[in-house]
Amino acid sequence: MSPRVLIVRAPGTNCDEETARAFETAGATADRLHLFRVLEEPDLLDRYQIFCVPGGFSYGDDIGSGVIFSRHLNGPLGEGLGRFLNADKLILGICNGFQVLLKSGLLPGGGGTWGRQNEPAATLTWNESGRYDCRWVRLRVDRPDHAFLRGMTDVEMPIAHAEGRIAVSDPAVLDEWVKNGHVALRYAPRKGELPPGGPTADVTLAAPDNPNGSFADIAGLSDASGKVLGLMPHPERFQYAHQHPRWTRLGLSGEGAGMKLFRNAVEWFD
Ligand SMILES: NC(=O)CC[C@H](N)C(=O)O
């Protein structure tokens, strides 16, 4: 079955068109709807199999990136998203979308009505550099069983954000995150073999390998089921091989590695 994807955009969202194109190239039908249209009719969520919050600067990142948008996911859209979470459906948040999902509590640690109120808090906050940063990074996939990440282990993607640093109130939360499969993606050394072993709270890669100082080098989080994913890197900006800065030297052609994430999502419904 070709899944229908709801890509929700808010004032300031700016990656919805290329995200829709990536899903449609993968064989899905993608509708880009404004958040206010969805708030008018929350039950329209039931017509979709994938819910996606794309990248951008929703509400201008005022009072913190993703904060205002996230409150809408807790409130009027709460019931519809609850049905998504209970059905065999998928939820994806890319960059600003990750900030929205985390701060709504749809991903671990973010609090909100979805969050497990008494668990240590986590958020996405300012990069250690204090700057907006755009660069390509190498990623290690810690959840190759995830609906969006199947068959992916070691991939490069671009980042472009100011508030991409995962910060936690208690580093001990990492044990629970690892146990529950919440760590989906980590930043990796640009060159050489991927170092063995899982995430550790006290060791992080130096910049620019970890571009923002994110706790335990985390670049993406998952829910326990492996059907909700939030990530700071932009897979929709690597749909075509020639989007890679070294595509000629690497002899890349055809699709970019980011397309695998969208194809995995569509194939989930086969
Ligand atoms: N590309 C994006 O989605 C950016 C997310 C957010 N506006 C930030 O700067 O961190």
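Residues numbered from 1 in each chain as written. Predicted model: local features only at pLDDT ≥ 70, side-chain atom pairs only at ≥ 80, totals over all residues. Heavy atoms only, no water.

The protein chain carries the name Phosphoribosylformylglycinamidine synthase in an unreviewed UniProt entry, which gives Alienimonas californiensis as its organism.

(A) How the structure looks around the site of the ligand. Lining the immediate surroundings of the ligand are 13 residues, of which G56, D61, C95, A160 and E163 lie closest. Between the ligand and A160, the relevant distance is 2.8 Å, taken from a nitrogen atom to a main-chain nitrogen or oxygen of the residue. Within the backbone of E163, a nitrogen or oxygen atom sits 2.9 Å from an oxygen atom of the ligand. In the complex, the protein chains occlude 99% of the 300 Å² of accessible area that the ligand would expose alone. Elements represented by at least two residues in the shell around the ligand include exactly α5 (96-104) and β7 (154-161). Along the lines of polarity and charge, the residues of the shell around the ligand split into 5 nonpolar, 6 polar and 2 charged. (Near = heavy atom within 4 Å. Polar contact = N/O pair within 3.5 Å; in protein donor to acceptor, adjacent residues only side chain to side chain. Areas by Shrake-Rupley, 256 points an atom, 1.4 Å probe, with all protein chains shown as cover. Helix = DSSP H or I, 4+ residues; strand = E, 2+ residues; numbered from the N terminus. Nonpolar A, V, L, I, M, F, W, Y, C, P; charged D, E, K, R; others polar.)

(B) Focus on empty space enclosed by the protein. If you walk through the whole model with that rule in mind, you get 1 cavity of 30 Å³ or more. Lining the largest cavity, in full, are F84, L85, K89, I91, D223, S225, K227 and V228. Classifying every residue of the lining of the largest cavity gives 4 nonpolar, 1 polar and 3 charged. (1 Å grid on protein atoms, 1.4 Å probe; cavity = no way out; pocket = protein on both sides within 12 Å on 5 of 7 lines; lining within 4 Å. Points joined across faces, edges and corners; volume = space filled by probe spheres on them.)

(C) Quick look at helix α1 (residues 16-25). Within α1 the residues assigned to the buried category are D16, T19, A20, A22 and F23. The buried residues of α1 occupy one face: seen down the axis, they fall within an arc of 160 degrees. Seen from the buried face of α1, the exposed residues on the opposite side, beyond 90 degrees, are E17 and R21. Those residues of α1 that are buried lie in contact with β1 (4-9), β2 (29-34), β3 (50-53), β4 (90-94) and α7 (259-267). Just past α1, the residue G27 takes up positive phi, approximately 110 degrees. (Buried < 20%, exposed > 50% of the residue type's maximum accessible area, 1.4 Å probe, protein only. Arc of directions from axis to C-beta. Contact = heavy atoms within 4.5 Å.)

(D) Representation of unusual backbone geometry within the structure. Following A207, the chain continues to P208 via a peptide bond in cis, the omega torsion being 0 degrees. The phi torsion at C95 lies on the positive side, around 55 degrees, for a residue other than glycine. Mapped onto the secondary structure, C95 falls in the loop between β4 and α5. We note that D217 has phi near 60 degrees; this positive angle belongs to a residue other than glycine. Relative to the assigned elements, D217 resides in the loop between β9 (183-188) and β10 (218-222).

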